[in-house]
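The lines below spell out each chain.
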Amino acid sequence: MADSVVLDPVDLHLLRLLQNDARMTYRDLAAQIGVAPSTCLDRVTRLRRAGVILGHQLRLDPAKLGRGLEALLSVQVRPHRRELVGPFVERIRALPESITVFHLTGPDDYLVHVAVADMADLQRLVLDGFTSRSEVARVETRLIFQQWDCGPLLPPRPEGAPAPTPTSDHQAPGNPGA
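If you're wondering where the values come from, they're calculated on a predicted model, not measured in any experiment.

Q: Residues and numbers for the pattern of salt bridges, please.
A: For the structure on display, the rule yields 14 salt bridges. Residue Arg46 pairs with Asp11 through a salt bridge whose shortest N-O separation is 2.7 Å. Here Arg46 is found in helix α3 (residues 37-49), whereas its partner Asp11 is found in helix α1 (residues 9-20), with 35 residues between them in sequence. Relative accessible area serves as the criterion here: at 35%, Arg46 is assigned to the partly exposed category. We classify Asp11 as buried; its relative accessible area is 2%. Residues Arg93 and Glu90 are paired through a salt bridge, measuring 3.4 Å at the closest nitrogen-oxygen approach. With a gap of 3 residues between them, Arg93 and Glu90 both fall in helix α4 (residues 82-94), about one helical turn apart.

What follows is the structure, encoded as C-alpha cells:
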C-alpha cells in the first residue's frame, strides 16, 4: 500500500475545490480558502510532488461524440495468467469505445466501461472486440441508464473526528443545482 500523505484542513479544502473545478485560478482558490495565492501555488506544487494530485483531465460527453449508449462489460478471461494480462489490457485500452478498464477479483477478471453509438454497435463491439478473442471465456453486458459523480475524494476521517458538513461547492457536471 502506498504511503499516505498528511493533509491539514487547508490542503483538504484546496483539494475539495480543485476536484470540483480544476481550472480555478490560484487567486480564486486563495480567496475561498483565506490564504495568499502564493500559498495555494506552493501547496498545489507540494501535493503534485507528493503524488496526491495526479493530473488534470478533460471530460467529454460521449453522447455529443455520437456514443450515446454506455455499458459495463464484465469479462472473464481463461486462462487468467500473468502473461495474458498486459496484452489483453492494452488491446482493450486501444479500442476507441473503451473509457475505463478495471482488473478485478472475484468471478469476473475485468470490468470495462464502454461508450458506443447504439445497440448494434454494442453488439459488434462485444462480438468482434471481446468474445472473438481466444482468451475471453465470458462477457456480461450491463447498460448504464445514468451516472453521477461522487466526491470529492478525501482521506478517511480519524477515529472520533466529527463528520464534515455538506458544502455547496460540489456539483455533479450536467446536474445544475444537484
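Q: Report on α1, specifying residues and quantitative values.
A: Between its first and last C-alpha, α1 extends 17 Å over 12 residues, near the 16 Å set by a 1.5 Å rise per residue. Those residues of α1 lying buried are Asp11, Leu14, Leu15, Arg16, Leu17 and Leu18. Against the buried residues of α1 lie α2 (26-33) and α3.

What counts as what
Residues numbered from 1 in each chain as written. Predicted model: local features only at pLDDT ≥ 70, side-chain atom pairs only at ≥ 80, totals over all residues. Heavy atoms only, no water. Salt bridge = Lys/Arg side-chain N within 4 Å of Asp/Glu carboxyl O. Helix = DSSP H or I, 4+ residues; strand = E, 2+ residues; numbered from the N terminus. Buried < 20%, exposed > 50% of the residue type's maximum accessible area, 1.4 Å probe, protein only. Expected span 1.5 Å × (residues − 1). Contact = heavy atoms within 4.5 Å.

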